[in-house]
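# Examining the three-dimensional arrangement
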Amino acid sequence: MKILFAGGGSLGPVTPMIAVAHALKRLNPDVQFAWAGTPDGPEREVTRIEGIPFFAVPVAKLPRYPDKRWVTFPRDTLHATRVAKQLIEEIKPDVVLSVGGFTAVPVIRAAAKKGIPCLIHQLDVTPTLSNKLVAAKCVSKTSSFEQKGYDQVPTPTRFRVEDLPGVEVAARSFGLDVSRPITLVIGGGQGAQALNRAISQRLDAWLEVTQIIHSAGKGKMEGLKPRAGYSVGESLDAEAMLHAYAAADLVVTRAGIGGLSEIAALSKAGIIVPIPKSHQVENAKAFSTAKAGLFVSQ
């Protein structure tokens, strides 16, 4: 069986599909994968590490606000449609799976025309336009939350409780003291300047009560330097993230479903700081209502 994953642009829609790939490999070592993603998103590097063949598909998205892409949208759509059709004919997948993103729209449409079963998973509380555009063409529709017309299924995560290393080993890997509290601060796949400032401007006060593991985001290390009790870097690879979760007593995070699903799966206490005026606010509210995290406004 060959499965084509479609989507990307950020790590949010990438890590759940990587989790699915790992689970399927455990069930059937012979299953094959391919990935249709954005030309410049982080999924290209992730799939390279995973050994999954990657194919770039142009993003045809109509911006909400005035933008030159309003003019180029028809042309962009035709180009993405042609590329997606060629890709489906080349790969000949048995199934197409997506968790959202406009890159997946032409891929699912092309696959559905060929009679290839397509599946989508809705990550956020608020349904995305990209999923709405292809829902009718999919044989399976699932969601992290209760949604009309969707089956509720927890979002797959990269990590399981049984994968966590020992707390002492995990803390030592960051040069931290296991006898003192440890807080993990993550701003999503791209980092979060607001969270970075909240740490850097009050670092002495933070370190009086907790040690910190801080994933700042690529290119967002300005003013941030490691020191005693403070481990900081641009990003954490999968192994380092697993150790960070194992070491952490508390996680401060944005409200992307990838990150929220991981703290839920690993039973970690979370302070959730969503991007203001975004879909993340509803995600944070849902977790707060379920007493699965503390919602704090930025």
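One structure accompanies this document, and this report is about it.

### Here's the deal with the pattern of salt bridges
- Applying the stated rule across the entire model yields 9 salt bridges.
- When the shortest N-O distance is used, the salt bridge between Lys114 and Glu89 registers 4.0 Å. Linking Lys114 in the loop between helix H4 (104-113) and strand E5 (118-122) with Glu89 in helix H3 (residues 69-91), this pair joins segments that are 25 residues apart in sequence.
- For Glu282, the salt bridge identified is with Lys285, shortest N-O distance 3.8 Å. In this pair, Glu282 and Lys285 both sit in helix H11 (residues 280-289), 3 residues apart, roughly one turn of the helix.
- Taken together, the salt bridges that share partners define one network made up of Arg160, Glu162 and Asp163.

### What about the sheet that holds strand E2 (residues 32-37)?
- Reading across from one edge, E3-E2-E1-E4-E5-E6-E7 is the order of the 7 strands in this open sheet, with parallel pairing throughout. At either end of the open sheet lies a strand with only one pairing partner, and these are strand E3 (54-56) and strand E7 (151-152).
- Looking at chain direction, strand E1 (residues 2-6) and strand E4 (residues 95-98) are connected through 4 bridges and run parallel. Bridging from a neighbouring strand, Phe5 pairs with Leu97 of E4.
- Each of E2 and E3 is contacted by helix H2 (residues 43-50), which is oriented at about 160° to E3, the strand it contacts most.
- Each of E1, E2, E4 and E5 touches H4; the most contacted strand, E4, lies at about 155° to it.

### Observations concerning the pairing of E2
- The buried fraction of E2 is high, at 5 of 6 residues.
- With 5 bridges joining them, E1 and E2 adopt parallel strand pairing. Bridge assignment links Ile3 to a residue of E2, and that residue is Phe33.
- Since E1 and E2 lie parallel, the crossover through helix H1 (residues 15-27) that links them has a hand, and here it is right-handed.
- Inspection of the sheet shows E2 paired to E3 by 3 bridges, in the parallel sense. By the bridge assignment for E3, Ala36 is matched with Phe55.

### Structural notes on the sheet that holds strand E9 (residues 211-215)
- Across the sheet, which stays open at both edges, the 6 strands sit in the order E10-E9-E8-E11-E12-E13 with parallel pairing between neighbours. This sheet does not close on itself; its edge strands, each paired only once, are strand E10 (230-233) and strand E13 (294-295).
- Sheet topology note: the strand E8 (residues 182-186)/strand E11 (residues 250-253) ladder contains 4 bridges and is parallel. Along E11, the bridge assignment pairs Val185 with Val252.

### Topic: the environment of Ser261
- Structurally, the position occupied by Ser261 is in helix H10 (residues 257-265).
- Relative accessible area serves as the criterion here: at 11%, Ser261 is assigned to the buried category.
- Through-space distance from the C-alpha of Ser261 to that of Pro16 is 9.2 Å; in sequence the pair is 245 residues apart.

The rules we used
Residues numbered from 1 in each chain as written. Predicted model: local features only at pLDDT ≥ 70, side-chain atom pairs only at ≥ 80, totals over all residues. Heavy atoms only, no water. Salt bridge = Lys/Arg side-chain N within 4 Å of Asp/Glu carboxyl O. Helix = DSSP H or I, 4+ residues; strand = E, 2+ residues; numbered from the N terminus. Pairing = 2+ DSSP bridges. Contact = heavy atoms within 4.5 Å. Axes fitted to C-alpha atoms, helices over the stretch in contact; angles between N-to-C directions. Buried < 20%, exposed > 50% of the residue type's maximum accessible area, 1.4 Å probe, protein only. Right-handed = clockwise from strand over helix to strand, strands pointing away.

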